[in-house]
Amino acid sequence: MRARGKETRQAILRAAEQVFAERGYAGARMDDVAAEVGIKRASMVYYFRDKRSLYLALLQDLYGEQLQRYRALLASPGTARDRILGCLDVWAEHVAARPGSVRILMWESARVRRASADPLAAELAPIQQTISQVIAAGRRDGTFRALDPLRFLMIVTGATAFLTLGMHVLTAESAPLGAAELHSELRNLVQRILFVDC
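Not measured: the values here are computed from a predicted model. (Residues numbered from 1 in each chain as written. Predicted model: local features only at pLDDT ≥ 70, side-chain atom pairs only at ≥ 80, totals over all residues. Heavy atoms only, no water.)

A. Spatial organisation of the overall build of the protein. When you go through the protein residue by residue, the secondary structure sums to nine helices and zero strands. The N-to-C order of helical and strand elements in the protein reads α-α-α-α-α-α-α-α-α. Expressed as a percentage of the 198 residues in the protein, the buried residues total 41%. Taking the contacts inside the protein whose residues are at least 6 apart along the sequence as the reference set, 67% of them involve residues at least 24 apart. Split by element, the accessible area of the protein, about 11,000 Å² in all, is 54% carbon and sulfur. (Helix = DSSP H or I, 4+ residues; strand = E, 2+ residues; numbered from the N terminus. Buried < 20%, exposed > 50% of the residue type's maximum accessible area, 1.4 Å probe, protein only. Contact = heavy atoms within 4.5 Å. Areas by Shrake-Rupley, 256 points an atom, 1.4 Å probe, with all protein chains shown as cover.)

Okay, here's the thing in structure tokens:
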């Protein structure tokens, strides 16, 4: 019975990812998520009492594992160059596995709210701090240019959004990039903007 409850919770989170990615926080409704899962809204309350608690759980689900992967990577031996490219690999794999993540980031960046009440910022702050440590180490050893870590993250996130969501806007022939192409494009971008020897 416990396994089934875990499966239902995961199904709700996957449906929530799709609904919040399509409609943003303001436009998403618990009823929409329940309909995606094929359960009644009242059944969802057993797992998540309201939309905010569902959204917070979704953000933790989206970014918690990603943070653990970054930390594991940074705890292993390697140069600053290897580590930042490894972090980029983690990001590209995350985007391929969880495409709603980029849309949710875009919705959140467009939303007006008080910074102190921003649940996404709370989830992303440890990730930003972890990446900042890698960039600082690379700047100290002369591998990386003097690029502000937050600006670096904004550039990579913006490029990811454009390449996965918006490239087709410029030309009818262009479709959003697949995982392998995205990975290659992001690596080229990061090498050009961050590495001293490129």
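B. Structural context of the pattern of salt bridges. Per the stated rule, a full pass over the model turns up 10 salt bridges. With a closest N to O distance of 2.5 Å, glutamate 93 and arginine 69 form a salt bridge. With glutamate 93 in helix α5 (residues 80-97) and arginine 69 in helix α4 (residues 51-75), the pair connects residues that are 24 residues apart, well separated along the chain. Overall, the relative accessible area of 34% leaves arginine 69 in the partly exposed class. Within the structure, one salt-bridge network assembled from shared partners comprises Arg23, Arg29, Asp31, Asp32 and Arg41. (Salt bridge = Lys/Arg side-chain N within 4 Å of Asp/Glu carboxyl O.)

C. Region of interest: the packing of aromatic side chains. By the definition in use, this model includes five aromatic pairs. Their ring planes at 10° and their centres at 5.6 Å tell us that phenylalanine 144 and phenylalanine 195 sit as a pair that is stacked. Of the two residues, phenylalanine 144 is situated in the loop between α7 (119-140) and α8 (149-166) and phenylalanine 195 in the segment after α9 (179-194); the sequence distance between them amounts to 51 residues. Clustering of aromatic rings is evident, with ring pairs tying together Phe20, Tyr25 and Tyr55. (Phe/Tyr/Trp six-rings, centres within 6.5 Å; stacked < 30°, edge-to-face > 60°.)

D. Just the nonpolar core, in detail. Ranked by internal contacts, the top residues of the largest apolar core, which has 54 residues, are Phe20, Leu54, Ile84, Trp91 and Phe152. Within the residue set of this core, elements represented by two or more residues are α1 (2-27), α2 (30-37), α4, α5, α6 (100-110), α7, α8 and α9. Considering every element that reaches this core, the biggest residue donor is α4, with 10 residues. If near-sequence neighbours (up to four positions away) are discounted, isoleucine 84 is found in contact with Ile131, Val134, Ile135, Phe144, Phe152, Leu194 and Phe195. (Core = buried A, V, L, I, M, F, W, Y, C linked by side-chain atoms within 4.5 Å.)

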